[in-house]
Amino acid sequence: MVFCRVTKSKAYFSRYQVKFRRRREGRTDYRQRKRLCAQAKNKYQSPKYRLVVRFTNKQVICQIAYALIDGDRILAQATSTELPRYGLEVGLKNYSAAYCTGLLVARRLLQKVGLDELYEGNTEVDAEVVKCDIGKKTYYVDEVDDDKRPFRALLDVGCRATTTGCRVFGALKGAADGGLDIPHSEKRFPGYDRDAKEYDADMHRERIFGGHVGEYMEYLEDEDNTKYKSQFAKYIECEHEPDSLEELYESVHEKIREDPSPAPKKAFTPDKAFKRKQKLTLAQRKARVQAKKDKKNAELEAEEEE
């Protein structure tokens, strides 16, 4: 008989503690969350704000949130499905759309808290990291007002891998250009070369204005026209050419700055013509079953007679 060492004894199981539900589901990194939410004790319950960026199969979601003991509270949110209001109806999940969504949530929040005129952000998109030092502290805005400091938020990426050029950083750059004070560097932006330790801002700017999409459109149009027509059908329908994408995104940025407020909610009117089917009583259900049995028995008798 082979000897098997018991690695998990009764003592192990008696002390076993189940992990948090969202950890078991792989939805929350609690080590990261604690560092994003835990505030210094001398700050007297002033919340730590987070720029939460999430990607679904169809859209980009950006939220400004803070944590309370009974759950998170959302100060402002924007999704890329709102971008058709500003003239962008296609490519609602790419890097450029993530930038637009980050810009929208930043302008919307600053308008809500009354800082939109003091902190306009970077109106000329050059993809450079903007920051200034006041005393021993670094602020990631052009200038700091004497009376009101900029609104600081920390990037919350969730369980997503923070690789160089990831779309999450497009949303971050949009929010930073929108006037939020978000600590960051250029090391994860597109255009940064880790080996040479150099940052190509022009490459990042091209990505913000959809240059990578335009290049691929031109490539497909030359190499495989059939695939181009199927893959970029929506772009063709909206009459977007590869050369016109930069102008499109510039106009979207301008419109977002003009009016970042959310669209008014539509009043819900239920369809009163619809009526739920009435439940059958026990007697009716039994009669229905009996009718089916009688029908089947009659069919079997007819087959036997033949």
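Scroll up a little and you will see the structure.
Just so you know, these numbers come straight off a predicted model, no measurement behind them.

Cut-offs used in this document
- Residues numbered from 1 in each chain as written.
- Predicted model: local features only at pLDDT ≥ 70, side-chain atom pairs only at ≥ 80, totals over all residues.
- Heavy atoms only, no water.
- Patch = residues over 30% accessible without salt bridge, like charges linked within 9 Å, V, L, I, M, F, W, Y side chains within 5 Å.
- Areas by Shrake-Rupley, 256 points an atom, 1.4 Å probe, with all protein chains shown as cover.
- Salt bridge = Lys/Arg side-chain N within 4 Å of Asp/Glu carboxyl O.
- Helix = DSSP H or I, 4+ residues; strand = E, 2+ residues; numbered from the N terminus.
- Buried < 20%, exposed > 50% of the residue type's maximum accessible area, 1.4 Å probe, protein only.
- Expected span 1.5 Å × (residues − 1).
- Axes fitted to C-alpha atoms, helices over the stretch in contact; angles between N-to-C directions.
- Parallel < 35°, antiparallel > 145°, perpendicular 65-115°, else oblique.
- Left-handed = near helix turned anticlockwise from the far one by under 90°.
- Contact = heavy atoms within 4.5 Å.
- Core = buried A, V, L, I, M, F, W, Y, C linked by side-chain atoms within 4.5 Å.
- Pairing = 2+ DSSP bridges.
- Phe/Tyr/Trp six-rings, centres within 6.5 Å; stacked < 30°, edge-to-face > 60°.
- Lys NZ or Arg CZ within 6 Å of the ring centre and 35° of its normal.

A. Region of the structure containing a nonpolar patch on the surface. The grouping of Tyr12, Phe13, Tyr16 and Val18 at the surface amounts to a nonpolar patch, some 430 Å² of accessible area in total. Structurally, the position occupied by tyrosine 12 is in helix α1 (residues 10-14). Residue tyrosine 12 is classed as partly exposed on the basis of its relative accessible area of 35%.

B. Summary view of helix α4 (residues 95-113). The end-to-end C-alpha distance of α4, which contains 19 residues, comes to 27 Å, matching closely the 27 Å that a straight helix rising 1.5 Å per residue would cover. Within two residues after α4, glycine 114 carries a phi angle of roughly 80°, on the positive side.

C. Here's a closer look at the packing of α4 against helix α10 (residues 245-258). Between α4 and α10, the shortest axis-to-axis distance is 9 Å and the interhelical angle comes to 15°. Between α4 and α10, the angle is such that the two are roughly parallel. As for how α4 packs across α10, the hand of that crossing is right-handed. Residues Ser96, Tyr99, Cys100, Leu103, Leu104 and Arg107 of α4 form the contact with α10, whose own contacting residues are Tyr249, Val252, His253, Ile256 and Arg257.

D. Examining the nonpolar core more closely. Core analysis: the largest hydrophobic core is formed by 60 residues, its most contacted members being Leu51, Val53, Leu155, Leu180 and Ile256. Mapped by element, the contributors of at least two residues to this core are β1 (50-55), β2 (60-68), β3 (71-79), α4, α5 (168-177), α6 (201-208), α7 (211-223) and α10. If you tally residues by element for this core, the top one is α4, at 11 residues. Ignoring any residue separated from it by four or fewer positions in sequence, one finds valine 53 in contact with Ile61, Cys62, Leu155, Asp156, Val157, Val168 and Ala171.

E. Summary view of the pairing of β2. The pairing of β1 with β2 spans 6 bridges and is classified as antiparallel. Within β2, the position partnered with arginine 54 by the bridge is isoleucine 61. Connecting β1 to the antiparallel partner β2 that follows it, the hairpin turn spans 4 residues. In this sheet, β3 lies alongside β2 in antiparallel orientation, the contact comprising 8 bridges. Bridge pairing links alanine 67 to aspartate 72 in β3. Hairpin connection between β2 and β3: a loop of 2 residues separates the two successive antiparallel strands.

F. Seen up close, the sheet that holds strand β6 (residues 154-156). Strand order in this open sheet of 4 strands is β3-β2-β1-β6, and the pairing throughout is mixed. In this open sheet, the two strands that pair with only one neighbour each are β3 and β6. Averaged over all pairs of adjacent strands, the angle between their axes in this sheet comes to 30°, without regard to strand direction. The pairing of β1 with β6 spans 3 bridges and is parallel. Bridge pairing links valine 52 to aspartate 156 in β6. Across the sheet, α5 lies against β1, β2 and β6, angled at about 140° from β1, the strand it touches most.

G. Spatial organisation of the packing of aromatic side chains. Tallied over the entire structure, the rule returns 10 aromatic pairs. Joined through ring pairs, the aromatic side chains of Tyr216, Tyr219, Tyr228, Phe232 and Tyr235 make up one cluster. The ring centre of phenylalanine 55 lies 4.4 Å from the NZ or CZ of arginine 167, which sits over that ring.

H. Examining unusual backbone geometry more closely. Even without being a glycine, tyrosine 44 presents a positive backbone phi close to 55°. Here tyrosine 44 lies in the loop between α3 (30-37) and β1. Its identity as a non-glycine residue notwithstanding, glutamine 45 has a phi of 65°, on the positive side. Within the secondary structure, glutamine 45 is located in the loop between α3 and β1. By relative accessible area, glutamine 45 is classed as exposed at 81%.

I. The arrangement of the pattern of salt bridges in detail. Under the definition given, this model contains 12 salt bridges. Taking the shortest distance from any N to any O, the salt bridge between arginine 21 and glutamate 25 comes out at 3.3 Å. For lysine 173, the salt bridge identified is with aspartate 177, shortest N-O distance 3.3 Å. With lysine 173 and aspartate 177 both in helix α5 and 4 residues apart, this pair spans about one turn of that helix. Note on accessibility: lysine 173 and aspartate 177 belong to one class, buried.

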